[in-house]
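Fold and contact review
Given next are the chains, with one letter for each unit.
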Amino acid sequence: QNTAKEEEEEGTTGGAAGGGAGNSSSQEASAAPNSTAAPTTAAPTTAMPSEAPRPPTSIPTLSLSPTSSPVKATYRPGELAVNKKGLLLSTGLDVRILAKTGERLTYVSSIKQKYEPKNRFHPEPTGRKSSIKFHQYPDFGATFSVPLHLADDDDHPHLVEGGWVYVSNAEVEEVGNGGVGAIAFDKHGNALDYRRVLEGTTMNCGGGKTPWDTWISCEESGPRGQIYEVDPFDVQPPLKTVLGTAHGGKGGNYESFAYDIRNKTIPRFFVTEDVKRGPIRRYTPHPEEMDWDEPLGTMLHGSFGTMEYIILVPFDSTNSYGTYHWTSDLMEGRANAYAYYPLCEGIDARGGTLFFVSKKFKDLFAIDLDGNTWRKHSTIHGAFDGMPDQIATLLDTDGGGEDGVGNGEGE
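A brief report on the enclosed structure follows. Keep in mind that what you see is a predicted model, and the values were worked out from it rather than measured.

1. Structural notes on the overall build of the protein
Regarding its fold elements, the protein presents two helices and 26 strands. A sequence separation of at least 24 residues applies to 58% of the contacts in the protein between residues at least 6 apart.

Here is the structure:
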C-alpha cells in the first residue's frame, strides 16, 4: 500500500499514488486513446427520473455467521499457509507465473489458423514469444470470456472458443506510459497472445467490468485523470467516458467502478476517487442516450446524463450508521467524503447493496440502494488484518454448477 498524497487545485484533487504504483518507467506508449466530444445539440426534452423523499429504511447488515449447512472446503481465504514461487498463498490455492514486467510472454499452446476448419487449432512451437514486453506495475484487472462470434472470426486468431482474456492496468507514473495490457488464453489456460488495448494514459490504477463486458480503466493522475472504456478483445478502440468529466472535467484520482442495473430503465454507475475529499459518484445516463443494444461507446458517453455524489448523515457520534441522499453539488460531496469516508478505493454492488472501502480509517460501508440507510464495518480485524483497500466478487456460485466451480469435496 502506498501512502496517498493530496494537493488541492480549484476544487479538484491530485497527485495521489496508491495500489502499488511505482516511480519510474522505461516503456514508451505508441498511441493515445480515442476520446469522444460532447455534441452541440440541445438537451433532450425527456425529464430525468427523480427520487422522492423516503423515511429511513432498515439499516443494512452483513452476515458474519456460517451458513446453515456448512460443507468442508479446501480453500480457506486468509489462511496464509502456502509458500510457492515467492508468493504466500491461502490454503487451497496454487500459483503459476504467467508474465513478468519487462519480459516477453512465452506462448505454450495453440492458435487458430485461417486455413484450418473452424475452431481447430494448429500447435505453435513451445517457446514462441510475445512481440512486446509485459507492462510495468500491473494493477487491478478482470477476466472476460471470449464470445462465440469472435471465436469464429478469422480476423482475430488469438480469440478461441472456450478461451478468455485477462486485462490488467499499468499504474505507471510517467505521463503517457500507463495503459492496459491483455493476455488471451485458450480453454486450458494457456497463453496465446499479449497486447496493449489502451495506451497513452497515466497511472491506470483501478476500474471494473461493465454489464456488457468491457473494461473501465481509471487514471489516478490528479487534474489530468480520466476514465476510459476499453474493449478487452481489441476489436473496438478505447474511448474516454463522461464519468471523469462532470462539473468542469478537470479530472481526478479515479479508482474503481461498479454498477446497479436491476432496473435497466434507470441504470446506475458508481466511481470512487482515492483522495481525502474524493466523493462516491453516481452517474445515470439520460433515457434518450441509453442503448442496451449497442452500449459500448454510448451508455457512458452521453452529454445529458446526471452526475451525483453521496451524502452520509450519521445517526450519532460514532458515525457507524445513518441515512444518506444524493446531491449534484460536487463541493458538498467533497466535504462529506472528507468527514466520513476519505481515500476510497474498492467498490462493488450486489443484491441491492453498494459496498465501498475507505482505507484511511479501514472501514467498509454498506449502502442500502433500495432504501436510504447505511452502516459502517471495520476491516481492522479479520483474516486480512485491515489491509484490503479493494473489494470484488471473486466467485458468485452456489457450488458445482455449470460454471464448474466447486470446493474440491464434490460440492
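2. Focus: the packing of aromatic side chains
This model, assessed by the stated rule, comprises 15 aromatic pairs. Judged by centre distance (6.5 Å) and plane angle (80 degrees), the rings of Phe-144 and Phe-233 are edge-to-face. Of this pair, Phe-144 sits in strand S10 (residues 138-145) while Phe-233 sits in the loop between strand S16 (227-230) and strand S17 (239-240); the two residues are 89 residues apart in sequence, bridging distant segments of the chain. For the pair formed by Phe-144 and Phe-233, the shared burial category is buried.

3. Things to note about the nonpolar core
Core analysis: the largest hydrophobic core is formed by 18 residues, its most contacted members being Ile-280, Ile-310, Leu-312, Tyr-341, Leu-354, Phe-356 and Ile-367. Where this core is concerned, the elements lending two or more residues are strand S21 (306-314), strand S22 (321-327), strand S23 (344-350), strand S24 (353-358) and strand S25 (363-368). The biggest single contributor to this core is S23, with three residues. Those residues in contact with Ile-280 that sit more than four places away from it in its chain are Val-271, Thr-272, Glu-308, Tyr-309, Ile-310, Trp-326, Tyr-341, Cys-344, Ile-347 and Phe-356.

4. Some points on the sheet that holds S10
Spatially, four strands are ordered S10-S11-S12-S13 in an open sheet, and the strand pairing comes out antiparallel. Two strands in the sheet have a free side with no partner beyond their single neighbour: S10 and strand S13 (191-198). Direction aside, the axes of adjacent strands within the sheet are offset by 20 degrees on average. Sheet topology note: the strand S11 (residues 164-170)/strand S12 (residues 179-185) ladder contains seven bridges and is antiparallel.

5. A few points about a negative patch on the surface
On the surface, a cluster of negative charge is contributed by Asp-152, Asp-154, Asp-155 and Glu-161. Structurally, the position occupied by Asp-152 is in the loop between helix H1 (148-151) and S11. For Asp-152, a relative accessible area of 34% corresponds to the partly exposed category.

6. Quick word on the pattern of salt bridges
Overall, the coordinates contain 13 salt bridges when judged by the stated rule. Among the salt bridges present, the one from Asp-370 reaches Arg-262, with a minimum N-O distance of 2.8 Å. Of the two residues, Asp-370 is situated in the loop between S25 and strand S26 (373-378) and Arg-262 in the loop between strand S18 (254-260) and strand S19 (268-273); the sequence distance between them amounts to 108 residues. Its relative accessible area of 47% is what places Arg-262 among the partly exposed residues. Between Asp-348 and Arg-350 there is a salt bridge; the shortest N-O distance is 3.3 Å. Take Arg-350: its relative accessible area is 39%, and that puts it in the partly exposed class.

7. Points about helix H2 (residues 330-340)
The set of residues buried in H2 consists of Leu-330, Gly-333, Arg-334, Asn-336 and Ala-337. Taken down its axis, H2 places every buried residue within 165 degrees of arc, on the same side. N-capping of H2 is provided by Asp-329, with a side-chain oxygen placed 3.0 Å from the backbone N of Met-331.

8. Regarding the pairing of S19
In terms of residue burial, S19 counts as a mostly covered element, since six of its six residues are buried. Where burial is concerned, the two faces of S19 agree: the one with Arg-268, Phe-270 and Thr-272 and the one with Phe-269, Val-271 and Glu-273 are both buried. Judged from the five bridges that link them, S18 and S19 form a sheet pairing that is antiparallel. Each bridged residue has a counterpart across the sheet, and for Phe-257 the counterpart in S19 is Val-271. Strand direction decides the pairing type here: S19 and strand S20 (residues 281-284), joined by three bridges, are antiparallel. The residue bridging Phe-270 from the neighbouring strand is Arg-282, located in S20.

9. A look at the environment of Met-307
If you trace the backbone, Met-307 turns up in strand S21. For Met-307, a relative accessible area of 8% puts it in the buried group. Note: C-alpha distance between Met-307 and Arg-281 (26 residues apart in sequence) is 6.8 Å.

10. Side note on the sheet that holds S25
Pairing between the strands of a sheet comes from backbone hydrogen bonds, and it takes one of two forms, parallel or antiparallel. If you trace the nine strands from one edge of the open sheet to the other, you get S18-S19-S20-S21-S22-S26-S25-S24-S23, paired in antiparallel fashion. Looking at the sheet topology across the chains shown, the edges are occupied by S18 and S23. Strand-to-strand twist across the sheet, computed as the mean angle between neighbouring axes with direction ignored, equals 30 degrees. Both S20 and S21 contribute to a ladder of four bridges, which runs antiparallel. Looking at the pairing, Thr-284 lines up with Thr-306 of S21.

11. A few points about the pairing of S24
Most of S24 sits out of view: six of its six residues are buried. For S23 and S24, the ladder comprises five bridges, and the chain directions are antiparallel. Among the inter-strand pairings, Ala-349 is bridged to a residue of S24, identified as Leu-354. Adjacent in sequence and paired antiparallel, S23 and S24 are bridged by two residues, among which Gly-351 carries a positive phi angle near 60 degrees. Where S24 meets S25, six bridges bridge the pair, whose relative direction is antiparallel. Within the sheet, the bridge partner assigned to Phe-356 lies in S25 and is Phe-365. Hairpin connection of S24 to S25: four residues between the antiparallel strands, including Lys-362 at a positive phi of 55 degrees.

12. Some words on unusual backbone geometry
Within the chain, Tyr-137 stands out as a residue other than glycine whose phi angle is a positive 45 degrees. Tracing the sequence through the fold places Tyr-137 in the loop between strand S9 (128-133) and S10. By relative accessible area, Tyr-137 is classed as partly exposed at 26%. Positive phi values are uncommon outside glycine, yet Met-203 reaches one of about 50 degrees. Its relative accessible area of 4% is what places Met-203 among the buried residues.

Thresholds, definitions, all that
Residues numbered from 1 in each chain as written. Predicted model: local features only at pLDDT ≥ 70, side-chain atom pairs only at ≥ 80, totals over all residues. Heavy atoms only, no water. Helix = DSSP H or I, 4+ residues; strand = E, 2+ residues; numbered from the N terminus. Contact = heavy atoms within 4.5 Å. Phe/Tyr/Trp six-rings, centres within 6.5 Å; stacked < 30°, edge-to-face > 60°. Buried < 20%, exposed > 50% of the residue type's maximum accessible area, 1.4 Å probe, protein only. Core = buried A, V, L, I, M, F, W, Y, C linked by side-chain atoms within 4.5 Å. Pairing = 2+ DSSP bridges. Axes fitted to C-alpha atoms, helices over the stretch in contact; angles between N-to-C directions. Patch = residues over 30% accessible without salt bridge, like charges linked within 9 Å, V, L, I, M, F, W, Y side chains within 5 Å. Areas by Shrake-Rupley, 256 points an atom, 1.4 Å probe, with all protein chains shown as cover. Salt bridge = Lys/Arg side-chain N within 4 Å of Asp/Glu carboxyl O. Lys, Arg positive; Asp, Glu negative; His and termini not counted. Charge placed at Lys NZ, Arg CZ, Asp CG, Glu CD. Arc of directions from axis to C-beta. Polar contact = N/O pair within 3.5 Å; in protein donor to acceptor, adjacent residues only side chain to side chain.

These results come straight from atomic positions and should not be treated as a statement about function.
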